[in-house]
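Inside the fold
Read off the chains here:
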Amino acid sequence: METDSPNKPDPRFKIAHREALIGVALAIFNFIWWYGFAYGLGSKPLKEYKYVFGLPAWFFYSCVLGFIVMAVLVTLVVKFWFVDVSLDVEEDDQK
């Protein structure tokens, strides 16, 4: 899909930039989630650790639950916010 004038950018770039920013935001959220639980709960002495399903709480919340939360978030974002964009050049625009 080419544009009518050489100065007008391809509208697919706007979609790609928006989706890239959403991806970066998800990555930053994932890092904050992981870091907060891993170092927030994991910085205590070993005798003060609490356990969830046999795993230290900091590990369970940062890695196990964090993975589940991120998988759900990414699935929802892709399903509801990302747009299917054709990368093919249309025949009308090849002239």
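A quick note: this is a predicted structure, and the numbers were derived from the prediction, not measured.

What counts, and at which threshold
Residues numbered from 1 in each chain as written. Predicted model: local features only at pLDDT ≥ 70, side-chain atom pairs only at ≥ 80, totals over all residues. Heavy atoms only, no water. Helix = DSSP H or I, 4+ residues; strand = E, 2+ residues; numbered from the N terminus. Buried < 20%, exposed > 50% of the residue type's maximum accessible area, 1.4 Å probe, protein only. Contact = heavy atoms within 4.5 Å. Areas by Shrake-Rupley, 256 points an atom, 1.4 Å probe, with all protein chains shown as cover. Expected span 1.5 Å × (residues − 1). Salt bridge = Lys/Arg side-chain N within 4 Å of Asp/Glu carboxyl O.

**Things to note about the overall build of the protein**
- Check the secondary structure of the protein and you find two helices and two strands.
- For the protein, the sequential pattern of α-helices and β-strands runs α-β-β-α.
- Counting the 95 residues in the protein, one finds 15% classified as buried.
- In the protein, the proportion of contacts linking residues at least 24 apart, taken out of those at least 6 apart, comes to 62%.
- Surface accessibility of the protein: about 7,800 Å² in total, with carbon and sulfur atoms responsible for 67%.

**Considerations on helix α1 (residues 11–42)**
- When the terminal C-alpha atoms of α1 are compared, their 46 Å separation across 32 residues agrees well with the 46 Å that a helix rising 1.5 Å per residue should span.
- Among the residues of α1, R12, E19, I22, L26 and A38 are the ones counted as buried.
- Where the residues of α1 are buried, they touch α2 (57–80).

**Quick look at the pattern of salt bridges**
- Applying the stated rule across the entire model yields one salt bridge.
- Note that R12 and D10 form a salt bridge whose closest N and O atoms lie 2.7 Å from each other. Like D10, R12 is buried.

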